[in-house]
Structure formats: structure tokens, C-alpha cells
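Architecture at a glance
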Amino acid sequence: MSTKSSILIFLDHETKPYGEFDAPINFELDTTKLVDGDHILKIVSKNPDGKEGIRHVPFNVRNGPAIAIEGIKENDIVDGIIPIMINAYSKGNQKQFLIEGSETPQSTPAWFWAIIIGFIGFAIYYFTVAMIKES
């Protein structure tokens, strides 16, 4: 009889294990062979006495191009005409970095415009008061 616990690893709802190992283990999960979306890693451990422990680890695979959307969010309530910007970009072959298309352009946030308008307003006020005092 073995003195080590055994570990069975299942992927999603498969009945055949992804792998069977003696504890402790280190392994690499190749997500490039999985479709994008939600998956579950199920780990079943059995001690030498035959008792089992089960753990489920949900994870999300996104090997395909990332999609960024600006202008609408999930569960938004909208009406009228909505300008929407969509960008899709990928990690590429990871041996060469491509700057083109690797970042999603975004519109200028409202707080930035408020700061600019406040600064210009203060500058006009300051120069107006300085001119009045000078005369």
C-alpha cells in the first residue's frame, strides 16, 4: 500500500482525468489547447486510507484577442444614439512586441476637462485682477 496521497486532476466535466499523480506535484496546464471561456479545474486527492478530498477551481481562459469596448457597459440602460468604440488586440507571438494596436485608445475623461477649464478660469481671473491693480 502506498504511503503517499494520490491526486487526480479533471478539466471541466470530463470523466477521464487530465492526469494522475502522487503528491506533491508540479505541472503545467497548457491553456492554448482550451477554448476561450469559463473552465473548472477539479482536483481529487485520495489519502492512503482511501478518503477523498475534492476542490473545484474555476478559471477563465482568454487566449484569443482581447476585446475592449468604450461607450457601453454590461447592464447599462440606454436610449438614443450611442457612440461605441471597439478594439481587439492580441498578445501576438510574444517574441516580438508590436506597439501598433496593443493599446486601446480612450476618450478624455470629464475630470480632466474640468481641471483644464478651472485652470484657465483661474488664469483669466488672476490676470484680470493684476491688470485692475496695475491701473
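Located above this text is the structure these notes cover.
Residues numbered from 1 in each chain as written. Predicted model: local features only at pLDDT ≥ 70, side-chain atom pairs only at ≥ 80, totals over all residues. Heavy atoms only, no water.

1. Here we look at the nonpolar core
In this structure, Ile7, Ile9, Leu11, Leu34, Leu41 and Val61 together form the largest nonpolar core, which totals six residues. Of all the elements, strand β1 (residues 6–11) adds the most residues to this core, at three residues. Among residues more than four places away in sequence, those in contact with Ile9 are Pro17, Tyr18, Gly19, Phe21, Ile25, Phe27, Leu41 and Lys42. (Core = buried A, V, L, I, M, F, W, Y, C linked by side-chain atoms within 4.5 Å. Buried < 20%, exposed > 50% of the residue type's maximum accessible area, 1.4 Å probe, protein only. Helix = DSSP H or I, 4+ residues; strand = E, 2+ residues; numbered from the N terminus. Contact = heavy atoms within 4.5 Å.)

2. Details of a nonpolar patch on the surface
The grouping of Trp111, Phe112, Trp113, Ile115, Ile116, Ile117, Phe119, Ile120 and Ile124 at the surface amounts to a nonpolar patch, some 990 Å² of accessible area in total. By the secondary structure assignment, Ile124 is in helix α1 (residues 110–134). (Patch = residues over 30% accessible without salt bridge, like charges linked within 9 Å, V, L, I, M, F, W, Y side chains within 5 Å. Areas by Shrake-Rupley, 256 points an atom, 1.4 Å probe, with all protein chains shown as cover. Salt bridge = Lys/Arg side-chain N within 4 Å of Asp/Glu carboxyl O.)

3. So, the sheet that holds strand β4 (residues 52–61)
Pairing within the open sheet is antiparallel, and its four strands lie in the order β2-β1-β3-β4. The sheet terminates laterally at β2 (19–22) and β4, the two strands that pair on one side only. Strand-to-strand twist in this sheet, taken as the mean axis angle between neighbours without regard to direction, amounts to 20°. As judged from the ten bridges shared by strand β3 (residues 37–46) and β4, these two strands associate in the antiparallel manner. In the strand pairing of β4, Ile40 is matched with Pro58. (Pairing = 2+ DSSP bridges. Axes fitted to C-alpha atoms, helices over the stretch in contact; angles between N-to-C directions.)

Structural measurements only, silent on function.
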